[in-house]
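Results of the structural survey
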Amino acid sequence: MPTAIIADDERLMRDQLRMRLGQVWPELDIIGEAKNGDEAIELVDQLKPDFTFLDIRMPGKTGMEAAAVIGNKSNIVFVTAYDAYAVEAFERGAIDYVLKPPEPERLQVTVDRLKTRLSKPAAATDVSASVTAMLAQLTEKIAAPKPAHLQWIQASIGQDLRMIPVEEILFFRSDEKYTCVQTEKYEALIRKPVRDLAEELDPALFWQIHRATLVNVNAIEGVTRDIRGRHLVMIKGRSDKLEVSRSFLHLFKQM
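Residues numbered from 1 in each chain as written. Predicted model: local features only at pLDDT ≥ 70, side-chain atom pairs only at ≥ 80, totals over all residues. Heavy atoms only, no water.

As for helix 1 (residues 11-24)
Inclusion rule: A helix here means a DSSP run of H or I that spans at least four residues, while a strand means a run of E at least two residues long, and both kinds are numbered starting from the N terminus. A helix is expected to reach a length of 1.5 Å times the quantity of its residues less one. In this scheme, a residue with accessible area under 20% of its type's maximum is buried, one over 50% is exposed, and one in between is partly exposed, where area comes from a 1.4 Å probe on protein chains only.
With 14 residues, helix 1 extends 20 Å from end C-alpha to end C-alpha; this agrees with the ideal 20 Å at 1.5 Å per step. Among the residues of helix 1, those classed as buried are Leu-12, Met-13, Arg-14, Gln-16, Leu-17, Arg-20, Leu-21 and Val-24.

Describing helix 2 (residues 37-47)
As a reminder of what qualifies: In this description, one arc is meant: the one made by directions from the helix axis to the C-beta atoms. Contact definition: two residues touch when any of their heavy atoms are within 4.5 Å. Think of a polar contact as two N or O atoms within 3.5 Å of one another; within protein, one of them needs to be a possible hydrogen donor and the other a possible acceptor, and neighboring residues in sequence only count if both atoms come from side chains.
Listing the buried residues of helix 2 in full gives Gly-37, Ala-40, Ile-41, Leu-43 and Val-44. The arc that holds every buried residue of helix 2, seen down its axis, measures 165°, which confines them to one face. Residues of helix 2 that are buried in the fold lie against strand 1 (3-7), strand 2 (29-34), strand 3 (51-54) and helix 3 (63-70). Measuring from the backbone nitrogen of Asp-38 back to the side-chain oxygen at the start of helix 2 gives 3.1 Å, which picks out Asn-36 as the cap. In the stretch just after helix 2, Lys-48 is the one whose phi turns positive, near 50°.

Examining unusual backbone geometry
Phi at Lys-48 takes a positive value of approximately 50°, unusual for a residue other than glycine. Tracing the sequence through the fold places Lys-48 in the loop between helix 2 and strand 3. Exposure remark for Lys-48: the relative accessible area of 61% places this residue in the exposed category.

So, empty space enclosed by the protein
Filter applied, for reference: A pocket, in this scheme, is an open set of points on a 1 Å grid over the protein atoms alone with protein on both sides within 12 Å along at least 5 of 7 lines, while a cavity is a set where a 1.4 Å probe fits but cannot get out; residues line either one if an atom lies within 4 Å of a point. Grid points are joined across faces, edges and corners, and a volume is the space filled by probe spheres set on the points. Residue polarity follows a fixed list, in which Ala, Val, Leu, Ile, Met, Phe, Trp, Tyr, Cys and Pro are nonpolar, Asp, Glu, Lys and Arg are charged, and the others, Gly among them, are polar.
Tallied over the full model, the rule gives 1 cavity of 30 Å³ or more. For the largest cavity, the calculated volume is near 30 Å³. Every residue along the wall of the largest cavity is listed here: Ile-6, Asp-8, Met-13, Arg-14, Leu-17, Val-79 and Lys-100. Element by element, the count of residues in the lining of the largest cavity is highest for helix 1, at 3 residues. Of the residues belonging to the lining of the largest cavity, the class tally is 4 nonpolar, no polar and 3 charged.

Overview of the nonpolar core
The tendency in soluble globular proteins is for nonpolar side chains to be buried side by side. Our working rule: The nonpolar core is taken to be a set of buried Ala, Val, Leu, Ile, Met, Phe, Trp, Tyr and Cys residues, with the residues joined through side-chain atoms within 4.5 Å.
Membership of the largest hydrophobic core comes to 20 residues, with the highest contact counts inside it found for Ala-7, Leu-54, Ile-70, Ile-76, Phe-78 and Tyr-97. When residues of this core are traced back to their parent elements, those giving at least two are strand 1, helix 2, helix 3, strand 4 (75-80) and strand 5 (96-99).

A word on the environment of Pro-49
Along the chain, Pro-49 falls in the loop between helix 2 and strand 3. Of the residues examined, Pro-49 reaches a relative accessible area of 2% and is grouped as buried. Through-space distance from the C-alpha of Pro-49 to that of Ile-31 is 7.7 Å; in sequence the pair is 18 residues apart.

Points about the pairing of strand 7 (residues 160-165)
Where we set the bar: Strand pairing is assigned whenever DSSP identifies at least 2 bridges connecting the two strands.
By the bridge criterion, 6 bridges tie strand 6 (residues 152-157) to strand 7 in an arrangement that is antiparallel. Paired with Ile-157 across the two strands is Asp-160, which belongs to strand 7. In this structure, the hairpin formed by strand 6 and strand 7 is closed by a connection of 2 residues, where Gly-158 is found at a positive phi of approximately 65°.

So, the pattern of salt bridges
Going by this rule: Salt bridge, as used here, is a side-chain nitrogen of Lys or Arg placed within 4 Å of a carboxyl oxygen of Asp or Glu.
All told, the structure shown has 16 salt bridges when counted by the stated rule. Glu-33 is the salt-bridge partner of Arg-14, the closest N and O atoms lying 3.0 Å from each other. One end of the pair, Arg-14, is in helix 1; the other, Glu-33, is in strand 2, with 19 residues separating them in the sequence. The buried category is assigned to Arg-14, whose relative accessible area is 9%.

Written out as structure tokens, the structure is:
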């Protein structure tokens, strides 16, 4: 049975990659996970996996630095949100370079390459041609038009990972550690703070009404005031009332 480890500093991304690899290659045994490059190096030495899926930007040693140490001890696939490192990745001997979020169709291409590598360990056939082909695919992916704003949110509900379309989200509300993602049917958690979400979401769809709160404008039923004079946003079909900071009151002048 082929074995692999996953190295990514975001647990949700590790969970997602594990899930999607399980869909396209059920026989692959994920025998370890690492949160940074140093842990990845240790796991490769301890577990000797056939394949190592490496993020690039991680605390401690980066994926590139880890790959340099791992060398030929394990076949490396980079899974990253950054397209700028592709050439360097192949120079370090990577079998493939996959952009996040890893779609099942794209991972299937990776799996086919990994299976070929297992069946023909000495297949250094035409490395330059292989690298050229992979770079061409990557260039095509990068050139494809990207949405200007987030279209969905990856969030955890218990042990499950959900992909939630942003239009289904009523509001985001942060505490010190997590951000609550509230839909009509359920509540989920993410680690991304509201300040980052505010930069990535469509401002015409989500208004920031507090340093810790974003609300879907289509979910707003109205605004009321409590006995303390605070302005509160009422959410359609729910009892939630979200406080509006003074600096964001101007958003409701037209209402």
